[in-house]
Amino acid sequence: MTEPVTRRTPGKEPRISTGVPGLDDVLCGGLTPSRLYLLEGTPGTGKTTIALQFLREGAARDERALYVTLSETSDELRAAAATHGWSLDGIDLYELVDEMGLDPDSEQSILHPSELELGETVKDVIARVGETKPDRVVFDSLSELRLLAQNPLRYRRQILALKRFFAKRACTVLLLDDKTSETGDVQLHSIAHGVISLDQMAREYGSERRRLRIVKMRGIKFSGGHHDFALETGGIRVFPRLIASEHHAAFDPVAKSTGSAELDLLLGGGLVPGTNMLLLGPSGVGKTTTAVRCMKAALERGETATYYLFDEGLATLMTRAATLGMDLRPHVESGRLTITQIDPAEVSPGEFATMAREAVEKRGSSVVVIDSLNAYLHAMPGEEFL
Ligand SMILES: Nc1ncnc2c1ncn2[C@@H]1O[C@H](COP(=O)(O)OP(=O)(O)OP(=O)(O)O)[C@@H](O)[C@H]1O
Ligand SMILES: [Mg+2]
């Protein structure tokens, strides 16, 4: 059996990647291997997608991956994966319930002989795992197991049996649950080593908002609270909530010119790196123009800048700046200026924070303009705590 490839830091337990961009950051490194996790969320929140990403990550590292499916057939799964451009080669797809399992004659009586107690379903899983010795296992989903178990007590015993069985092997297990049980499964939460909860909210306007929260994760200092994520063709990307205190960088706090001698004089030399400037004023007073002026001065010094446009169109901004004698086109062409138009209805706050972070960390932007903050706040409805 191949050992899972793990990241080892001294004094810390090894971690394995979830295969979901951003989720490892939320978990501060990934999942502890050989544990059992619960991934819960109402239907359509993206459980299967995360599970497939998790197994594909394993397969890419030459680990053995097993997908036990009760809810979808393997053909359906393959087709769904294909819409993301994924092949499921290297992943063992195991359809647990065939027509036999749904046969009314196979229902057992109320008085179970002890060997029947565990249920055929669970026994089949145990047999398959024993055969193929996978490193990563996904069980999709528990709600079907709950249905097949016929009564809550039996269901709980099955879950415990599964947990005990997996505890003895070096398998990292994801149990998916669609939260359809009436009582909200608290016991399930205590059985699992970690619980990740997904939810989606429909909004008055614009696309739905998807969020993820680590409910618990034993032995890991994870980043708490809700993190936005996007489910797009190509899979799920998580946008870890921005925690400013975690991102300190050294810089030279010497004021830099705004490009206007008078404004520099007023500001005592210009704008100081590492600070925020808020341009306030009624519409038409010249906020955009001032911001563009400061940015252009930075660009002319050879710095990199990013401009986020909420209010107006890209073409409007370019022409407006050009008529005022500030042609931005050469800077866009040289690649040092990135102007991004944001459709507020489509971008979640977390995604925007990640975009801004990448602008600074990856593209090295020394100037970031958000035009305007008002539009940004209005675009994120219900985000009064932003
Ligand atoms: N190719 C794709 N491109 C973009 N979005 C997609 C694509 N395929 C699926 N989706 C989105 O993913 C959602 C389904 O995700 P997924 O199957 O992972 O959810 P789930 O939580 O497993 O749902 P269920 O509880 O029904 O099994 C769809 O509702 C759709 O919004
Ligand atoms: Mg699913």
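Draft legend 1. Inspection of helix H7 (residues 152-167) at higher detail. Its 16 residues give H7 an end-to-end C-alpha distance of 22 Å, which sits within 8% of 22 Å, the value for a rise of 1.5 Å per residue. When H7 is considered as a whole, its buried residues turn out to be Arg 154, Tyr 155, Gln 158, Ile 159, Ala 161, Leu 162, Phe 165 and Phe 166. In an axial view of H7, the angular spread of the buried residues amounts to 160°, which keeps them on one side of the axis. More than 90 degrees from the buried face of H7, the exposed residues found are Pro 152, Leu 153, Arg 164 and Ala 167.

Draft legend 2. Summary view of the nonpolar core. In terms of nonpolar packing, the biggest core is built from 34 residues, with Tyr 67 and Leu 212 touching the most fellow members. In terms of residues, this core owes the most to one element, helix H2 (residues 47-60), which gives six residues. Apart from the residues lying within four places of it in its own chain, the contact partners of Leu 212 are Leu 23, Ile 50, Ile 196, Ser 197, Leu 198, Gly 225, His 226, His 227, Phe 229 and Val 238. Judged by nonpolar contacts, the second largest core, of 27 residues, contains Ala 149, Tyr 155, Leu 175 and Val 195.

Draft legend 3. Quick peek at empty space enclosed by the protein. Applying the stated rule across the entire model yields two cavities of 30 Å³ or more. There is about 60 Å³ of room inside the largest cavity. Thr 18, Leu 23, Leu 31, Leu 39, Ile 50, Phe 54, Leu 174 and Ile 196 together form the lining of the largest cavity. A class-by-class count of the residues in the lining of the largest cavity yields seven nonpolar, one polar and no charged. In this structure, the second largest cavity encloses a volume near 50 Å³. The wall of the second largest cavity is formed by Thr 288, Thr 289, Val 292, Leu 317, Arg 320, Ala 321, Leu 324 and Met 326. Of all elements in the fold, only helix H10 (287-300) and helix H11 (314-323) reach the threshold of two or more residues within the lining of the second largest cavity. Class assignment of the residues belonging to the lining of the second largest cavity gives a composition of five nonpolar, two polar and one charged.

Draft legend 4. Representation of the site of ligand 1 within the structure. Gly 44, Lys 47, Thr 48, Thr 49 and Thr 233 are the nearest of the 13 residues found near ligand 1. Within the side chain of Thr 83, an N or O atom sits 3.0 Å from a nitrogen atom of ligand 1. In this structure, an oxygen atom belonging to ligand 1 sits 3.1 Å away from a side-chain N or O atom of Arg 210. In the complex, 64% of the free accessible area of ligand 1, which totals 650 Å², lies under the protein chains. Mapped onto the shell around ligand 1, the elements with two or more residues apiece are H2 and strand E8 (226-232). Per-element tally for the shell around ligand 1: the top contributor is H2, with three residues.

Draft legend 5. How the structure looks around the pattern of salt bridges. Under the defined criterion, the tally for this structure stands at 17 salt bridges. A salt bridge links Arg 357 to Glu 361; the nearest nitrogen and oxygen atoms lie 3.2 Å apart. Remark: Glu 361 and Arg 357 occur in helix H13 (residues 349-361); sequence separation between them is four residues, near one turn of the helix. Take Arg 357: its relative accessible area is 28%, and that puts it in the partly exposed class.

Draft legend 6. Region of the structure containing the environment of Asp 264. Tracing the backbone through its elements, the reader meets Asp 264 in helix H9 (residues 261-267). The class for Asp 264 is buried, based on a relative accessible area of 13%. Residues within four places of Asp 264 in sequence aside, it is in contact with Ser 257, Thr 258, Gly 259, Gly 269 and Gly 270.

Thresholds, definitions, all that
- Residues numbered from 1 in each chain as written.
- Chains lettered and ligands numbered in written order.
- Predicted model: local features only at pLDDT ≥ 70, side-chain atom pairs only at ≥ 80, totals over all residues.
- Heavy atoms only, no water.
- Helix = DSSP H or I, 4+ residues; strand = E, 2+ residues; numbered from the N terminus.
- Expected span 1.5 Å × (residues − 1).
- Buried < 20%, exposed > 50% of the residue type's maximum accessible area, 1.4 Å probe, protein only.
- Arc of directions from axis to C-beta.
- Core = buried A, V, L, I, M, F, W, Y, C linked by side-chain atoms within 4.5 Å.
- Contact = heavy atoms within 4.5 Å.
- 1 Å grid on protein atoms, 1.4 Å probe; cavity = no way out; pocket = protein on both sides within 12 Å on 5 of 7 lines; lining within 4 Å.
- Points joined across faces, edges and corners; volume = space filled by probe spheres on them.
- Nonpolar A, V, L, I, M, F, W, Y, C, P; charged D, E, K, R; others polar.
- Near = heavy atom within 4 Å.
- Polar contact = N/O pair within 3.5 Å; in protein donor to acceptor, adjacent residues only side chain to side chain.
- Areas by Shrake-Rupley, 256 points an atom, 1.4 Å probe, with all protein chains shown as cover.
- Salt bridge = Lys/Arg side-chain N within 4 Å of Asp/Glu carboxyl O.

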